[in-house]
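Topology and contacts: notes
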Amino acid sequence: MKEKKGQISALFMLLFMFLMVLLIAFEVNILTADHELHMQYEFRAQVLTSQRNTEITLVTQNPGADVKVQNNSPFPVTITAVLTVDDYGNVKIYTHGHGLPVTIYPGLTVSLGGFPQACEIIVVTSTGASQILKNC
Amino acid sequence: MRKKGISETLEVTILFLISIAIVSVVVAYFFTNQSSVSYSYIQQARVQAEEAGQIINLVYYQTQNGVSYFYVTNSGDYPVIVIAVYTPNGPAQFYVADPAVNPNYQNTCSFSYSSPGCDTAITGSDVFVIAVSTQTTTITIRTQLGNPIAIGAG
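Treat the numbers as computed from the prediction; the structure is a model and nothing was measured.

1. With respect to the overall build of chain B
A count of helical and extended segments in chain B gives 2 helices and 9 strands. Computed over its C-alpha atoms, the radius of gyration of chain B comes to 29 Å, more than 25% above the 15 Å expected for a compact globule of 154 residues. Principal axes of the C-alpha set define a box for chain B whose edges measure 110 × 30 × 25 Å. For chain B, the proportion of its 154 residues judged to be buried stands at 31%.

2. Brief notes about the overall build of chain A
Broken down by element type, chain A carries 1 helix and 8 strands. Listed N to C, the secondary structure of chain A is α-β-β-β-β-β-β-β-β in terms of helices and strands. Compactness check: chain A gives a C-alpha radius of gyration of 29 Å against a globular reference of 14 Å for 136 residues, more than 25% above the reference. Expressed along its principal axes, the backbone C-alpha trace of chain A runs to roughly 100 × 30 × 25 Å. The buried share of chain A, reckoned over its 136 residues, is 24%.

3. Focus: unusual backbone geometry
The phi torsion at Asn-65 of chain B lies on the positive side, around 50°, for a residue other than glycine. Classification of Asn-65 of chain B as exposed rests on a count of 6 C-beta atoms within 10 Å.

4. A word on the pairing of strand β2 (residues 68-71) of chain A
Residues and elements named next belong to chain A. Only one face of β2 is covered, namely the one carrying Val-69 and Asn-71; the face carrying Lys-68 and Gln-70 has none of its residues buried. Relative to β2, strand β1 (residues 56-58) is paired through 3 bridges, and the arrangement is antiparallel. From the neighbouring strand, Thr-57 faces β2, where its bridge partner is Gln-70.

5. Some points on the domain arrangement of chain A
Residue and element names in this part refer to chain A. According to the domain assignment, chain A contains domain 1 (1-53) and domain 2 (55-134). Each of domain 1 and domain 2 has a C-alpha centre, and these two points are 48 Å apart. Counting residues at the interface gives 4 residues for domain 1 and 5 residues for domain 2. Of the residues contributing to the side of domain 1 that touches domain 2, the split by class is 1 nonpolar, 3 polar and no charged.

6. Considerations on the confidence of the model for chain A
Confidence in the prediction for chain A averages 83 pLDDT; 91% of positions are at 70 or higher. Mean pLDDT across the secondary structure elements of chain A bottoms out at strand β8 (residues 130-134) of chain A, with 80, and peaks at strand β5 (residues 102-104) of chain A, with 91.

7. Notes on the sheet that holds β1 of chain A
Where strands meet in a sheet, backbone hydrogen bonds hold them as pairs that are either parallel or antiparallel. Residues and elements named next belong to chain A. Spatially, the 3 strands line up as an open sheet ordered β1-β2-β6, and their pairing is antiparallel. Every other strand in the sheet has two partners, leaving β1 and β6 (109-111) as the edge strands with one partner each. Taken over all neighbouring pairs, the strand axes of this sheet differ in orientation by 30° on average, direction set aside. The sheet contact formed by β2 and β6 spans 3 bridges and is antiparallel. Looking across to β6, one finds that Gln-70 is bridged to Thr-109.

8. Things to note about the nonpolar core
If you look at the biggest cluster of nonpolar residues, it comprises 46 residues, and the most contacted ones within it are Leu-83 of chain A together with Tyr-71, Ala-97 and Ile-130 of chain B. Examining the composition of this core, we find that 6 residues originate from one element, strand β3 (residues 77-85) of chain A, more than from any other. Those residues in contact with Leu-83 of chain A, other than ones at most four positions away along the chain, are Val-91, Ile-93 and Ile-122 of chain A together with Val-59, Tyr-60, Tyr-71 and Val-127 of chain B. Listed in part, the 5 residues of the second largest apolar core include Leu-37 of chain A together with Ala-45, Ala-49 and Ala-52 of chain B.

9. Details of the pairing of strand β2 (residues 67-74) of chain B
Residue and element names in this part refer to chain B. With 7 of 8 residues buried, β2 is to be regarded as a mostly interior element. Pairing analysis gives 8 bridges linking strand β1 (residues 56-64) to β2, with the strands arranged antiparallel. In the strand pairing of β2, Gln-62 is matched with Tyr-69. Here β1 hands over to β2 after 2 residues, with Asn-65 in that stretch at a positive phi of 50°. Pairing geometry for β2 and strand β7 (residues 128-132), over 5 bridges, is antiparallel. Looking at the pairing, Val-72 lines up with Phe-128 of β7.

10. Let's talk about the domain arrangement of chain B
When its domains are assigned, chain B resolves into domain 1 (1-52) and domain 2 (56-152). Computed from C-alpha atoms alone, the centre-to-centre distance between domain 1 of chain B and domain 2 of chain B is 51 Å.

11. Re the sheet that holds β7 of chain B
All names here are of chain B. Spatially, 4 strands are ordered β1-β2-β7-β5 in an open sheet, and the strand pairing comes out antiparallel. Edge positions in the sheet fall to β1 and β5 (94-97), since each has one partner strand and no second. Taken pair by pair, the neighbouring strands of this sheet meet at an average axis angle of 20°, ignoring direction.

Parameters at a glance
- Residues numbered from 1 in each chain as written.
- Chains lettered and ligands numbered in written order.
- Predicted model: local features only at pLDDT ≥ 70, side-chain atom pairs only at ≥ 80, totals over all residues.
- Helix = DSSP H or I, 4+ residues; strand = E, 2+ residues; numbered from the N terminus.
- Rg over C-alpha atoms; globule rule 2.2 N^0.38 Å.
- Buried ≥ 20, exposed ≤ 12 C-beta atoms within 10 Å, placed from the backbone.
- Pairing = 2+ DSSP bridges.
- Domains from an automatic or database assignment.
- Contact = placed C-beta atoms within 7 Å.
- Nonpolar A, V, L, I, M, F, W, Y, C, P; charged D, E, K, R; others polar.
- pLDDT = per-residue confidence, 0-100.
- Axes fitted to C-alpha atoms, helices over the stretch in contact; angles between N-to-C directions.
- Core = buried A, V, L, I, M, F, W, Y, C linked by C-beta atoms within 7 Å.

And the structure:
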């Protein structure tokens, strides 16, 4: 009789463990999704904060010759693209060449090279911040 | 005196059946109510995470010949596929192009109410163009996730 009761206890134990494994599996799934959500919100907040605090200024005033820019932001900024707009409104986008992408550390100046004569010059950073360096 | 009762085999069988019935009820509840709640939460969390990871930034805006051009970048974690563009006056025809891939996009891409156009996904470090076939300074794009993103140049 004791042996049979032991078998029943073992059966209950196995079923209990099976349920626990199921429960843990569900919890892990929920925690993973929750973690991913929080990471994305954190990432979004960082990107938007970085965009707000990005400040790039044009050093060289003659864009036809050599465009020099300075990073006045309190953190390194990576310029990924430069847009130029001529007098007729034609937009040219430079994403490769001209040393792009280029990372500029706070307070430093970097030369992006020569661009065709442009009425407007816009720089785009890796966080999506854009700044018009020169207006028509 | 003879004691009346059930045999050990019958006792074990009854206990076994009772335990199976209880476990069946618990498992059935777990797989219906709990699992559906868990899965819906997980699904919702993932969609929200993808929406949070879709960050579209307006870089430059211009209008030419009645067409509005929104130059945008995606600085988020997830690609953005535009499936509709709305202006304050309603849905508008549009196309999405990557000038680095299609420099002649103004002549080759065609407008549509639902097709993304020449380049489907706004992703990476390239500057993409969302061209809208009407003059407007504000659009709201709807992504493949159903995520509305407002882009304003005003």
